[in-house]
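Analysis of the macromolecular model
If you want the building blocks of each chain, they are given just below.
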Amino acid sequence: MGSYASIHAAIAVLAALLAQPARADERFYGDKVLRCESKDRQPRLCAADVRGGVRLLRTLSRTECVEGKSWGVHDSGVWVNAGCRAEFVVGYGGSVGAATGARVLRCESRGSRWQHCPADVSGGIELVRQLSKNACIRGQSWGADTRGVWVSGGCRAEFRMMAALPPPGTRARIVRCDSVGKLPRHCPVDVSGEVRLFRQHSRAACVQGRSWGYDRDGIWVEDGCRAEFEVRGPVPPLAEPRSAAGAEVGRG
């Protein structure tokens with residue numbers, strides 16, 4: 001009887017643990033939380049769509065997770081190193097990888113006819129996903145010119161347009177700023193570097209100099225422009241760790 005009672009008690013404890021509500025951040029971010037761990041201090045790349053930005057949510061390791069030193073963003077995911085184990089929020093702004101501002105464009109050749117899709121391809125372009133049975137072959141059934149992407153011969157596909165790589169020593173972040181009710185709004189952010197439109201969310205056009213712009217204190221929007229902006233700037237220097245002796249002196 002004692003063994004059965006112990007088993008039932010263990011089952012009751014397990015059921016109680018499983019019934020506990022998810023953490024608030026898990027309920028809010030859902031499947032946008034990515035866990036990435038550097039085991040035995042070895043580097044690791046965790047695949048993820050980082051076009052919407054990556055932010056550190058929670059450090060799980062005793063080793064400090066410092067952006068640019070023990071974790072960072074690559075165009076194909078999040079990397080960790082030197083024992084950093086952490087959870088990251090993907091798609092809610094933050095740092096972006098080498099494929100800064102990458103966007104996906106769908107272009108289709110209907111009835112095997114030639115079709116041109118206007119796009120900014122100055123940073124390069126690549127085929128992401130073929131949607132047609134007909135083969136999409138670069139230089140034969142699809143290609144790019146100075147004005148965008150073209151397809152022919154029944155090629156239907158999605159293409160990724162890449163923005164130019166940020167200069168060495170710079171970091172890119174995604175910041176959202178919304179003009180609600182067509183009212184002007186200023187979003188404070190450090191804009192010591194370059195700012196450009198990343199993704200428009202409003203029906204109202206976001207035109208630089210007319211419905212959006214920036215100054216040294218941040219980004220402004222008006223006339224119903226709602227969008228995400230890519231902000232590039234220098235990577236801030238890492239703070240020097242305080243020594244144990246220094247900490248003792250500070251407490252004195």
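Scroll up for the structure.
Residues numbered from 1 in each chain as written. Predicted model: local features only at pLDDT ≥ 70, side-chain atom pairs only at ≥ 80, totals over all residues. Heavy atoms only, no water.

Right, let's get into the overall build of the chain. Counting its regular elements, the chain contains 3 helices and 19 strands. Looking at the chain residue by residue over its 252 residues, the buried ones come to 37%. Sequence separation of 24 or more characterises 72% of the internal contacts of the chain that already satisfy a separation of 6 or more. With an accessible surface of roughly 15,400 Å², the chain has 53% of that area assigned to carbon and sulfur atoms. (Helix = DSSP H or I, 4+ residues; strand = E, 2+ residues; numbered from the N terminus. Buried < 20%, exposed > 50% of the residue type's maximum accessible area, 1.4 Å probe, protein only. Contact = heavy atoms within 4.5 Å. Areas by Shrake-Rupley, 256 points an atom, 1.4 Å probe, with all protein chains shown as cover.)

For the rest of this paragraph, the subject is the state of the cysteines. Disulfides are covalent bonds that link the sulfur atoms of two cysteine residues. Here the structure, examined in full by the defined rule, presents 6 disulfides. With its sulfur 1.9 Å from that of its partner, Cys 177 forms a disulfide with Cys 187. Around the S-S axis, the bridge from Cys 177 to Cys 187 shows a dihedral of about 85° and counts as right-handed. Of this pair, Cys 177 sits in strand 14 (residues 170–178) while Cys 187 sits in strand 15 (residues 185–188), and the two are 10 residues apart along the sequence. Taken N- to C-terminal, the disulfide-bonded cysteines of the chain are connected 1-2, 3-4, 5-6, 7-8, 9-10, 11-12. (Disulfide = S-S within 2.5 Å.)

Sheet architecture is open: 3 strands sit in the order 15-18-17, paired in antiparallel fashion. The strands lining the two open edges of the sheet, one partner per strand, are strand 15 and strand 17 (212–215). Neighbour-to-neighbour, the strand axes of this sheet turn through a mean angle of 25°, independent of strand direction. Relative to strand 18 (residues 218–221), strand 17 runs antiparallel, the two being bridged by 4 bridges. In the strand pairing of strand 18, Tyr 214 is matched with Ile 219. (Pairing = 2+ DSSP bridges. Axes fitted to C-alpha atoms, helices over the stretch in contact; angles between N-to-C directions.)

On to unusual backbone geometry, then. Phi is positive for Asp 40, close to 55°, though the residue is something other than glycine. Relative to the helices and strands, Asp 40 resides in the loop between strand 1 (33–37) and strand 2 (44–47). With relative accessibility at 70%, the residue Asp 40 sits in the exposed group. The backbone of Lys 182 sits at a positive phi, close to 65°, despite the residue not being glycine. Along the chain, the position of Lys 182 falls in the loop between strand 14 and strand 15.

Let us look at the sheet that holds strand 11 (residues 142–145). With antiparallel pairing, the 3 strands of this open sheet are ordered in space as 9-12-11. Strands at the two margins of the open sheet, each flanked by one partner only, are strand 9 (115–118) and strand 11. With direction set aside, neighbouring strand axes in the sheet form an average angle of 25°. Across 4 bridges, the pairing between strand 9 and strand 12 (residues 148–151) is antiparallel. Bridge pairing links Gln 115 to Val 151 in strand 12.

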